[in-house]
Structures are given as structure tokens and as C-alpha cells.
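Chain and residue survey
Listed below are the residues making up each chain.
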Amino acid sequence: MNPILLNFTEIDEMQAILHDYPPADEAMELLKKHNGRLDTTFEQLWTQANGIEPLETQKSLWQVTLKVMRDELCGHEGFRAILNEYLKNPGNAALLTTLVVTLSGITTLPINPGIATIIILYILKVGLGIFCEYTEPTSPTSAS
């Protein structure tokens, strides 16, 4: 999985929108430090929040988290409705903050608002439809 990057203009725009939402401050600063890489920013936030270093495996914590998020978000009509409202009115700080808070509330994963911010930025970058399709588990091929 290639990393999804936000450029510094995109980061600055989101930071300006979320300037009144303190939980996003650290996430946005780390995102700049990681040159817009959502995956490495996520993993650093996860480590700081949970005190658990990611394991050295073929799957990254980022990839696994996105797959779990898929199961929880792609069929959630409430989340989809808020996302669609935000997309109709990009730049609306209240709707963007609501997306972060909603994500934090509906997921069973131990994520804080900073981590949720990074996941929301990823979904906004690629789109919910692509996110849902891209993270869909592949069916095992039958051996014949």
C-alpha cells in the first residue's frame, strides 16, 4: 500500500479549518513533521496514545486499522450523511469537527480525536467510496 500524502497547502487548509479544535493541533503538527504522510503520523499518534509500539510485521498498524474502520464506517449511514454534508460545504469547521467526534464515537477501536483526525483526512483525500472499495478484503482464491 503506497502512502497517501497531503501536501502542505492541504495541511494548512485543514489546520485553518480546525484551529478551534484543540485535539487536532498535535495531529496537524505531526502531519507536517512527517511531510504529509498520513500513515506515519497515525502510527506515531497511536504509539503516544496507547504506549504500544507497532509490531514489526508485514501488515502495518495503519493498514489493519483502515480495514477495521471499513467494517465500521462503510455501512454507517449517519457517518455517511455527515460526510456528505461536509463535502457539500467544505471548510465548515463545525461539520469537520463533527466528523472527527462521530468517528471517535462509533468505532470500537481505542482512538482519540487526534488519531480520528488523521483517519478523517485520509477519507477526505481519497473519498469514502474509494476508501470502502480499496480496503475491502479480498476473497481467498480457491486452490484447484
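Structure shown above.
The structure contained in this document is the topic of the report that follows. What you see is a predicted model; the values in this text were computed from it and never measured.

Glancing now at the packing of aromatic side chains. One pass over the full model with this rule turns up four aromatic pairs. Look at Phe 42 and Trp 46: their rings are 5.9 Å apart centre to centre, the planes differ by 35°, and that puts the pair in the tilted class. Separated by four residues within a single helix, Phe 42 and Trp 46 lie in helix 3 (residues 38–50), roughly one turn from each other. Of the two residues, Phe 42 and Trp 46, both sit in the buried class. Here the aromatic rings of Tyr 122 and Phe 131 are separated by 6.1 Å at their centres, their planes lie at 80°, and the arrangement is edge-to-face. There is no split in this pair, since Tyr 122 and Phe 131 are both buried. Through a chain of ring-to-ring contacts, three or more aromatic side chains come together here, namely Phe 42, Trp 46, Trp 62, Tyr 122 and Phe 131.

Within the secondary structure, Gln 63 sits in helix 4 (residues 61–73). Of note is the side chain of Gln 63, whose polar atom sits 2.9 Å from the backbone nitrogen of Ser 60.

By the element assignment, Leu 73 lies in helix 4. Given a relative accessible area of 0%, Leu 73 falls into the buried group. On a C-alpha basis, the gap between Leu 73 and Leu 128 in space is 8.8 Å, while along the polypeptide they are 55 residues apart. With residues up to four places along the chain from it excluded, the contact list for Leu 73 reads Phe 79, Leu 103, Ile 106, Ile 123 and Phe 131.

Another point: helix 1 (residues 8–17). Listing the buried residues of helix 1 in full gives Ile 11, Met 14, Gln 15 and Ile 17. Angularly, the buried residues of helix 1 cover 160° about the axis, an arc narrow enough to put them on a single face. The elements touched by buried residues of helix 1 are helix 2 (23–33), helix 5 (77–88), helix 6 (93–106) and helix 7 (113–126). The backbone nitrogen of Thr 9 lies 3.0 Å from a side-chain oxygen of the residue at the head of helix 1, namely Asn 7.

Cut-off values and rules
- Residues numbered from 1 in each chain as written.
- Predicted model: local features only at pLDDT ≥ 70, side-chain atom pairs only at ≥ 80, totals over all residues.
- Heavy atoms only, no water.
- Phe/Tyr/Trp six-rings, centres within 6.5 Å; stacked < 30°, edge-to-face > 60°.
- Helix = DSSP H or I, 4+ residues; strand = E, 2+ residues; numbered from the N terminus.
- Buried < 20%, exposed > 50% of the residue type's maximum accessible area, 1.4 Å probe, protein only.
- Polar contact = N/O pair within 3.5 Å; in protein donor to acceptor, adjacent residues only side chain to side chain.
- Contact = heavy atoms within 4.5 Å.
- Arc of directions from axis to C-beta.

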